[in-house]
Amino acid sequence: MKKIIITIDGPAASGKEKIAKYIAKKWKLKHLDSGILYRQLALIILKKKIKYDNLFELRKIIKSKPKLSLRKTKKIRSQEVSALTSSIAVYKFIREYINRKQRQIVKINSNQRGFVIDGRDIGSVVFKKADLKLFVYVSEKNRAKRRYKQLIDSGEKSIYQKILKEIKLRDRQDKNRKHSPLVIPKGSHLIENNGSFNDTKKQINYLIRSILDGLSK
Ligand code: C5P
């Protein structure tokens, strides 16, 4: 059977991960969270005390082909790593390295039924020929509220206004960067994730059923 590729793009804290995990479980697909790769790379850079604008040292790191774990640790979710991640994600050589990693992961796991991959440029750049492309929309305020709750629940200290400001800043960086900015990919379906998750699930499952029907004909 043909390996199915579903891409999910959207801004920070829009619920892409929750949606991707849900799809992976329901439709027996493997989940790849591309943000983890960017965050793991940022963590390596942070540990080496390299600044985000030291291009010479950043290139050296990429040349050394760093191994990037897919483990989602608490450290990579910290505000410090989040901010550095968006700052290094602007560079073309970094994006190309991570794009190659993503394609390798999908290729190597060829025994899988398929993949659901989430990020910022998955449907627009990394897997342009995906079978289904989703773009998640949630208002800035709802995203900040959800991120705030996530941080508080995981035991971190947090201030709502600060989170809202950081979300706006990350949106600006992601949308305005020169290479692979966050866009609504061509041919993608808009998923409205402001309301209940049941409502989101209905939108998604309807789309997945129709692509699977199409593939089996
Ligand atoms: O999705 P997540 O919040 O973990 O992503 C962290 C950051 O990594 C984003 O704010 C974005 O700057 C960057 N990123 C990206 N392209 C991706 C995934 C993440 O630029 N495909």
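Up top is the structure these notes are about.
The rules behind the values
Residues numbered from 1 in each chain as written. Predicted model: local features only at pLDDT ≥ 70, side-chain atom pairs only at ≥ 80, totals over all residues. Heavy atoms only, no water. Pairing = 2+ DSSP bridges. Helix = DSSP H or I, 4+ residues; strand = E, 2+ residues; numbered from the N terminus. Axes fitted to C-alpha atoms, helices over the stretch in contact; angles between N-to-C directions. Contact = heavy atoms within 4.5 Å. Near = heavy atom within 4 Å. Polar contact = N/O pair within 3.5 Å; in protein donor to acceptor, adjacent residues only side chain to side chain. Areas by Shrake-Rupley, 256 points an atom, 1.4 Å probe, with all protein chains shown as cover. Nonpolar A, V, L, I, M, F, W, Y, C, P; charged D, E, K, R; others polar.

Caption draft 1: Local environment of the sheet that holds strand β3 (residues 114-119). Spatial strand order, β2-β3-β1-β4-β5: five strands in an open sheet with parallel pairing. On the outer flanks of this sheet lie β2 (30-33) and β5 (189-192), each paired with one strand and no other. Strand after strand, the sheet turns through a mean of 25° between neighbouring axes, direction not considered. Of the strands in this sheet, β2 and β3 touch helix α2 (residues 34-47), which is tilted by about 40° from β2. Each of β1 (4-9), β2 and β3 is contacted by helix α5 (residues 92-108), which is oriented at about 160° to β3, the strand it contacts most.

Caption draft 2: Quick look at the site of the ligand. What surrounds the ligand is a group of 16 residues, the closest being Arg39, Arg95, Asp121, Arg170 and Asp174. A distance of 2.8 Å separates an oxygen atom of the ligand from a polar side-chain atom of arginine 95. Look at the ligand: alone it shows 450 Å² of surface, and the protein chains cover 97% of it. The set of elements that each furnish at least two residues to the shell around the ligand consists of α2, α4 (79-88) and α8 (160-176). With four residues, the top contributor of residues to the shell around the ligand is α2. The residue inventory of the shell around the ligand, partitioned by class, reads three nonpolar, five polar and eight charged.

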